[in-house]
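Fold and geometry: a report
If you want the building blocks of each chain, they are given just below.
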Amino acid sequence: LQRNQAFQTTVEERVVNMQQMVHKFSHDIFARIEEEKELIHDKSKDIECRLCEKLGKLTDVVEGVQAASSASQAKIQSELNGLTGLNIQVNKRLSELERGSSSLNDKFSAMDRRMKYMEHSSEDFKTSVCADISALEELMQNEKKERRFEDGEIISALNMYAESLSEGVSFETAKLC
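Presented here is a report on the structure given in the accompanying data block. (Residues numbered from 1 in each chain as written. Predicted model: local features only at pLDDT ≥ 70, side-chain atom pairs only at ≥ 80, totals over all residues. Heavy atoms only, no water.)

Remarks on the overall build of the protein chain
When helices and strands are counted, the protein chain shows one helix and zero strands. In summary, the protein chain has a C-alpha radius of gyration of 70 Å against a globular reference of 16 Å for 177 residues, an excess of more than 25%. With the C-alpha coordinates of the protein chain rotated into their principal frame, the extents come out at 230 × 50 × 30 Å. Taking all 177 residues of the protein chain together, 0% fall into the buried category. Counting every atom, the protein chain has about 16,700 Å² of accessible surface; 60% of that belongs to carbon and sulfur. (Helix = DSSP H or I, 4+ residues; strand = E, 2+ residues; numbered from the N terminus. Rg over C-alpha atoms; globule rule 2.2 N^0.38 Å. Buried < 20%, exposed > 50% of the residue type's maximum accessible area, 1.4 Å probe, protein only. Areas by Shrake-Rupley, 256 points an atom, 1.4 Å probe, with all protein chains shown as cover.)

Topic: a negative patch on the surface
A cluster of acidic residues, E34, E35, E36, E38 and D42, forms a negative patch on the protein surface. Within the element layout of this structure, E38 appears in helix 1 (residues 2-176). (Patch = residues over 30% accessible without salt bridge, like charges linked within 9 Å, V, L, I, M, F, W, Y side chains within 5 Å. Salt bridge = Lys/Arg side-chain N within 4 Å of Asp/Glu carboxyl O. Lys, Arg positive; Asp, Glu negative; His and termini not counted. Charge placed at Lys NZ, Arg CZ, Asp CG, Glu CD.)

Quick notes on a nonpolar patch on the surface
A contiguous nonpolar patch, built from L55, L58, V61, V62 and V65 and spanning about 450 Å² of accessible area, is present on the exposed surface. Tracing the sequence through the fold places V61 in helix 1.

Quick word on the pattern of salt bridges
One pass over the structure, following the stated rule, counts three salt bridges. Close ionic contact of D46 with R50 constitutes a salt bridge, the shortest N to O distance being 3.9 Å. Of this pair, D46 and R50 both sit in helix 1, four residues apart, which is roughly one turn of the helix. Owing to a relative accessible area of 38%, D46 belongs among the partly exposed residues under this scheme. Overall, R50 belongs to the partly exposed group, its relative accessible area being 46%. Close ionic contact of R93 with E96 constitutes a salt bridge, the shortest N to O distance being 3.3 Å.

Details of the state of the cysteines
Scanning the entire structure with this criterion turns up zero disulfides. Not engaged in a disulfide, the cysteine C49 finds its nearest cysteine sulfur in C52; these two sulfurs lie 6.4 Å apart. By relative accessible area, which is 45% here, C49 ends up partly exposed. (Disulfide = S-S within 2.5 Å.)

Here is the structure:
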């Protein structure tokens with residue numbers, strides 16, 4: 001019995017010892033879990049703070065982009081309005097130029113008709129002048145022929161006269177000698 005009691009005492013001591021160890025172990029584990037919870041909580045707060053900072057910076061960047069976009073859009077709208085005004089002016093100027101072009105085309109057509117008329121008149125004048133020149137050339141040829149004929153008669157008469165003179169001089173010279 002004593003052995004049984006000693007065994008039971010030993011077992012009870014060991015159970016108490018084991019319970020103390022389990023209790024200490026569970027206490028250490030819970031302490032570590034608590035430490036981990038606090039560490040996780042601190043890390044979460046740190047991460048949350050960094051995320052808030054980054055989110056704040058990102059929000060600032062987005063607001064800046066939106067402001068720049070609005071300013072850019074306003075500038076583009078202003079330039080578009082200016083271009084619309086220029087487009088209206090260009091269209092007006094094109095209309096004026098088209099009217100001027102039409103007027104110039106009409107004047108060019110009139111001038112072209114006048115040039116054709118003048119060319120036709122010039123051809124008629126040229127034909128008339130050529131006919132007059134041909135008539136003059138023919139008259140000159142006839143005049144040349146008549147003059148040659150008359151010159152031939154004059155030369156013949158002069159030759160006859162010279163011959164007569166020569167005979168008269170020979171006869172007088174023969175008388176004198």
